[in-house]
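Each chain, written out:
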Amino acid sequence: MELLKERILNEGHVKAGNILKVDSFLNHQMDISLFDEIGKEFKSIFAGEGVNKILTLEASGIGVAVITALHFDCCPVIFAKKTQSKNLDGDLYLSQVTSFTRGTTYDIQVAQKYIRAEDRILIVDDFLATGAALLGLADIVAQSEAYLAGCGIVIEKSFQEGGALLRGKGVRVESLAKIKAFEGDKVIFE
């Protein structure tokens, strides 16, 4: 997606530890016009999959997931919570995730009443690096016995193992911008 790549080149900043800072338009301040184009692109890519729910992880994936849902006939968006909450009750799907950017491990959880075996789930997230978050979300879908239509990723760091790991497990992963390397402070796309 050329528009996204241009924004990454013009506004993104490479930081130590293979971190790409794109908080001016993606995961702190959100450019809703760009999100709308991302949602249209995901709809085009996954049009034939019969997606009826979108799953993401709090918090950075929520904005992209919500706008994407508009293009899937305003289907529900479910976000896995990272912390136990008093208003999260009933039976839960649980999975464990280790965050690449935070270096912490935590349980993610979704109320079972929101994902059923008859659902067709699209996972949407802002970044794919090691794949831990997506593996955790895919595990939740597997626990529910719902159909996993695939994963729509805004930015994939293809030089890290996540994309290959997921694809190796048979998960359809579609990324709108694939970064093959950082050379100093420059982003190199595939």
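The model shown is predicted, which means the values in this text are computed figures rather than measured ones.

Undergrad: Is there a simple way to explain unusual backbone geometry in this structure?
TA: Outside of glycine, negative phi angles account for most residues, and trans bonds account for most peptide bonds. With omega at 5 degrees, the peptide bond leading from Glu 58 into Ala 59 counts as cis. In this model, Asp 73 sits at a positive phi of 55 degrees, which is unusual for a non-glycine residue. For Asp 73, the position within the fold is in the loop between helix H3 (60-71) and strand S4 (77-80). The backbone of Glu 145 shows a phi angle near 65 degrees, a positive value even though the residue is not glycine. Position of Glu 145 relative to the elements: it lies in the loop between helix H4 (132-144) and strand S8 (147-157).

Undergrad: How do you make sense of H3 when you look at a structure like this?
TA: Each turn of an α-helix holds 3.6 residues, which means side chains three or four residues apart point in the same direction. Regarding H3, the residues found buried are Gly 61, Gly 63, Val 64, Ala 65, Ile 67, Thr 68 and Ala 69. Where H3 is buried, its residues touch helix H2 (32-45), strand S3 (53-57), S4, strand S7 (120-128) and S8. One or two residues past the end of H3 sits Asp 73, with phi positive at roughly 55 degrees.

Undergrad: Just checking my understanding: could you explain H2 for this structure?
TA: Across its 14 residues, H2 extends 20 Å between first and last C-alpha, which sits within 8% of the 20 Å expected from 1.5 Å per residue. Those residues of H2 that fall on the buried side of the exposure criterion are Leu 34, Phe 35, Ile 38, Gly 39 and Phe 42. For H2, the angular spread of the buried residues around the axis is 140 degrees, confining them to a single face. Away from its buried face by more than 90 degrees, H2 exposes Ser 33 and Ser 44. Tucked into the core, H2 has its buried residues touching helix H1 (2-11), H3, S7, S8 and strand S9 (173-183). The opening residue of H2, the one whose side-chain oxygen lies 3.0 Å from the backbone nitrogen of Ser 33, is Asp 31.

Conventions we followed
Residues numbered from 1 in each chain as written. Predicted model: local features only at pLDDT ≥ 70, side-chain atom pairs only at ≥ 80, totals over all residues. Heavy atoms only, no water. Helix = DSSP H or I, 4+ residues; strand = E, 2+ residues; numbered from the N terminus. Buried < 20%, exposed > 50% of the residue type's maximum accessible area, 1.4 Å probe, protein only. Contact = heavy atoms within 4.5 Å. Expected span 1.5 Å × (residues − 1). Arc of directions from axis to C-beta. Polar contact = N/O pair within 3.5 Å; in protein donor to acceptor, adjacent residues only side chain to side chain.

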